[in-house]
Amino acid sequence: MKAAVLREANKPMEIEEVQISKPGPREVMVRPIAAGVCHSDLHFMDGSYPYMLPTILGHESAGIVEEVGKDVTYVKKGDSVITCLSAFCGHCNHCLTGHLSRCNSPEVSRKPEEEARISKAGSQIHQFLNLSSFAELMLIHEHALVKVREDMPMDRAALIGCSTTTGVGAVFHTAKVEPGSTVAVLGCGGVGLAAINGAAIAGAGRIIAVDMVDSKLDLAKAVGATDVVNASSGEAVGQIIEMTQGGCDYTFEAIGLKATAEQAFQMLAPGGTATIIGMIPVGTMVELHGVDFLSEKKIQGSNMGSNRFRVDMPRFVDFYLNGKLHLDQMISKHIKLEQVNDALEALKSGQEARHIIMFD
Amino acid sequence: MSRIEVESEITGNVWKIELKVGDKVEAEDVIMILESMKMEIPVEAPSAGTIVEILVKEEDSVEEDQILAIIES
Ligand SMILES: [Zn+2]
Ligand SMILES: [Zn+2]
């Protein structure tokens, strides 16, 4: 099969012919129809998150089941599915208490002594987050996918596989935003926009979008922001505290920087909660002013929207199909696998929404 | 001769140990692979030398800043 292989950080991916193994007893072969190019692919490509190389990036996709392993009963050939990197084992403490996105069990991957899922001329190509969707086929654990309605367009469905789940989930599950509350979202990329849309669905009274790019603030308004702040002035914290007369009940950091994580905490009202969604580079420390804890401000992390994706994703599909979840605006361009490097460059520039790879 | 401690950057599990005591390494050679929140993270030699100690085994859980191996150069 054809795939975009990353052999060295900060170098373009090359389209190569690679080999994919056969489904093991609990594995499923998925033929992706659409794959989003996500900002976190960029973190791994530029080495700010180290990863085993060579690898095939991509972790936001939707497609059709091609073949199932002998013990798989949940899906069959021809089913429409969304994949998710939050593969769950189903029996660890995290899974059994409903926190599937925290599951860290290695059993959803193959063991070191087993044949690799993806290889080239006998040497392993490391599967990315148990998915690797910049490829014509994906061989994944049955717990890394969810069945969805067949009337869901696959390019929109792909977005639900990561950015929607991460942003909307952070609002619904991690922070549990209350109707009427005041929310600020720092960063209006795919995940930030999803958080804004999620806050609107959750009934937040005021939703303040913060970004440095005006076109993204326009998108933010289109998906539910009530106010926008262009942070280029460097005065965002003061401006938001003034606008809200004392700070926000909930803030969401969707960039992955020390400075914006600290600002998300600084712009809270007493008792408010900052949720850090962005991937802050490994080794970076975040500093908070200790006295702020006296006003009961909270800060927490959110990984993949604290999802229970087999429940959440079909609900998000319904939200899209009944007009509450705005996915059409999130896609700026449909591209071919061969153009994946350009899509990552466009993300780096911060000017554009998402590119979606369409497979024929 | 200097002893270089190779530390873990993150909390996770040892998925696979690629090299053994006595092996010669160049800077950035992968000594072992850690798994953390579904990510396969390489532990690389910070500089060239010889591995004199590996302090963990496969499936061990490791903490951030834990010393995983020692290289002499
Ligand atoms: Zn993503
Ligand atoms: Zn589990």
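Note that the coordinates shown come from a computational prediction; the quantities given were computed from them, not determined experimentally. (Residues numbered from 1 in each chain as written. Chains lettered and ligands numbered in written order. Predicted model: local features only at pLDDT ≥ 70, side-chain atom pairs only at ≥ 80, totals over all residues. Heavy atoms only, no water.)

1. Let's talk about the environment of A:Leu100
Piece 1. Note that A:Leu100 resides in the loop between α2 (93-96) and β8 (118-120).
Piece 2. Judged by its relative accessible area of 17%, A:Leu100 is buried. (Helix = DSSP H or I, 4+ residues; strand = E, 2+ residues; numbered from the N terminus. Buried < 20%, exposed > 50% of the residue type's maximum accessible area, 1.4 Å probe, protein only.)

2. What to know about the coordination of the zinc ion (ligand 1)
All names here are of chain A.
Piece 1. Distances from the zinc ion (ligand 1) to its protein donors, Cys38 (SG), His59 (NE2) and Cys162 (SG), fall at 2.0 to 2.2 Å.
Piece 2. All donors of the zinc ion (ligand 1) come from a single chain, and their spacing in sequence reads C-x20-H-x102-C. Placement of Cys38 in the loop between β4 (27-36) and α1 (39-45) and of His59 in the loop between β5 (55-56) and β6 (61-68) is noted, with a sequence separation of 21 residues between them. (Donors = N, O, S within 2.8 Å, 3.2 Å for Na, K, Ca; no water.)

3. Section: the sheet that holds strand β1 (residues 3-7) of chain B
All names here are of chain B.
Piece 1. Read across the open sheet, the 4 strands follow the order β1-β8-β6-β3; overall the sheet is antiparallel. Looking at which strands have only one partner, the edges of the open sheet turn out to be β1 and β3 (24-25).
Piece 2. Summarising the sheet, β3 and strand β6 (residues 49-54) pair through 2 bridges and their orientation is antiparallel. Of the residues in β6, the one forming a bridge with Lys24 is Thr50. (Pairing = 2+ DSSP bridges.)

4. Let's talk about the interface of chain A and chain B
Accessible area lost upon the coming together of the parts serves often as the stated size of an interface.
Piece 1. In this assembly, 25 residues from chain A lie in contact with 15 residues from chain B.
Piece 2. For the pair chain A and chain B, the summed buried area comes to about 1,700 Å², and 57% of that belongs to carbon and sulfur atoms.
Piece 3. Its largest share of buried area at the contact with chain B, chain A owes to A:Met52, A:Asn104 and A:Pro112, together 34% of the area lost on that side.
Piece 4. Our count for the contact surface shared by chain A and chain B stands at 0 salt bridges. (Contact = heavy atoms within 4.5 Å. Buried area = accessible area lost by both parts, 1.4 Å probe. Salt bridge = Lys/Arg side-chain N within 4 Å of Asp/Glu carboxyl O.)

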